[in-house]
Amino acid sequence: MIRVILAEDQAMVRGALASLLDLEPDIEVVGEAATGEEAVAVVERLEPDVALLDIEMPVLDGIAAAARIRARAPGCRVVILTTFGRPGYLRQAMEAGAYGFLVKDSPARELAVAIRRVLGGERVIDPGLAAAALSAGPNPLSRRERDVLTAAADGSTIMDIARALHLSEGTVRNYLSSAIQKTGARNRIEAVQRSRLQGWL
């Protein structure tokens, strides 16, 4: 049997996925989690073959959870299952060690097939998303530009961002200006929105 754990913060969706997978003769759902942090703990405790992770989860998102699982349980294959088919998310997920990336509107039968394939060592990526990721190119933002944009997302002032990131106000302005230019935005709020839409933050 292929032992699987599910991490999804919406209980109804999690239950539906578990029911679908339990219909497969060779797949058994052995654990569930509602946050990324719980998912890491469940993987460490149960040592499943595959972990299915949603991206948008509280406490720890699916991509960060995937990186921790790779570090702590390298034998567990991670598949990201998400509503957000964004090219930048795909790139981040692969860098975090995920073997699969599927959007939730894929046919249900594809999920079981993907689980079997990643267990065999293959990478399984939604074809439309793979094409979009190739055409989108790499994330143009540097690590510091991403940090500054993330800090700016809640409307923080230049001074607040500078204090939070231990940078000078001039340096923060430079990073924001550069990020705005790279995203083709008119201001920092628009830069945050565009970057999130692409999955760059």
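Our structure is the block above this text.
Residues numbered from 1 in each chain as written. Predicted model: local features only at pLDDT ≥ 70, side-chain atom pairs only at ≥ 80, totals over all residues. Heavy atoms only, no water.

## Quick notes on empty space enclosed by the protein
Rolled over the atoms, a probe sized like a water molecule indicates the empty space that remains. Per the stated rule, a full pass over the model turns up two cavities of 30 Å³ or more. Of the pockets and cavities examined, the largest cavity occupies roughly 40 Å³. Every residue lining the largest cavity is listed: L6, A7, E8, L17, L52, L53, D54, L81 and K104. Listed by contribution, the elements that provide at least two residues to the lining of the largest cavity are β1 (2-7) and β3 (50-53). A class-by-class count of the residues in the lining of the largest cavity yields six nonpolar, no polar and three charged. (1 Å grid on protein atoms, 1.4 Å probe; cavity = no way out; pocket = protein on both sides within 12 Å on 5 of 7 lines; lining within 4 Å. Points joined across faces, edges and corners; volume = space filled by probe spheres on them. Helix = DSSP H or I, 4+ residues; strand = E, 2+ residues; numbered from the N terminus. Nonpolar A, V, L, I, M, F, W, Y, C, P; charged D, E, K, R; others polar.)

## Considerations on the packing of helix α8 (residues 158-165) against helix α9 (residues 169-183)
Where α8 contacts α9, the axes come no closer than 9 Å and their chain directions differ by 105°. Here α8 is positioned roughly perpendicular relative to α9, judged by the angle of their axes. Seen from α8, the contacting residues are I158, M159, I161 and A162; seen from α9, they are E169, V172, R173 and L176. Class assignment for the residues of the contact of α8 with α9 results in six nonpolar, no polar and two charged. (Axes fitted to C-alpha atoms, helices over the stretch in contact; angles between N-to-C directions. Parallel < 35°, antiparallel > 145°, perpendicular 65-115°, else oblique. Contact = heavy atoms within 4.5 Å.)

## Side note on the sheet that holds strand β6 (residues 124-125)
Strand order in this open sheet of six strands is β2-β1-β3-β4-β5-β6, and the pairing throughout is parallel. For this open sheet the edge positions go to β2 (27-33) and β6, each flanked by a neighbour on one side alone. (Pairing = 2+ DSSP bridges.)

## Topic: the packing of aromatic side chains
All chains considered together, the criterion is met by zero aromatic pairs. Above the plane of the ring of Y99 lies R77, whose end atom (NZ or CZ) is 4.1 Å from the centre. Over the aromatic face of Y99 sits the side chain of R123, whose NZ or CZ is 4.6 Å from the ring centroid. (Phe/Tyr/Trp six-rings, centres within 6.5 Å; stacked < 30°, edge-to-face > 60°. Lys NZ or Arg CZ within 6 Å of the ring centre and 35° of its normal.)

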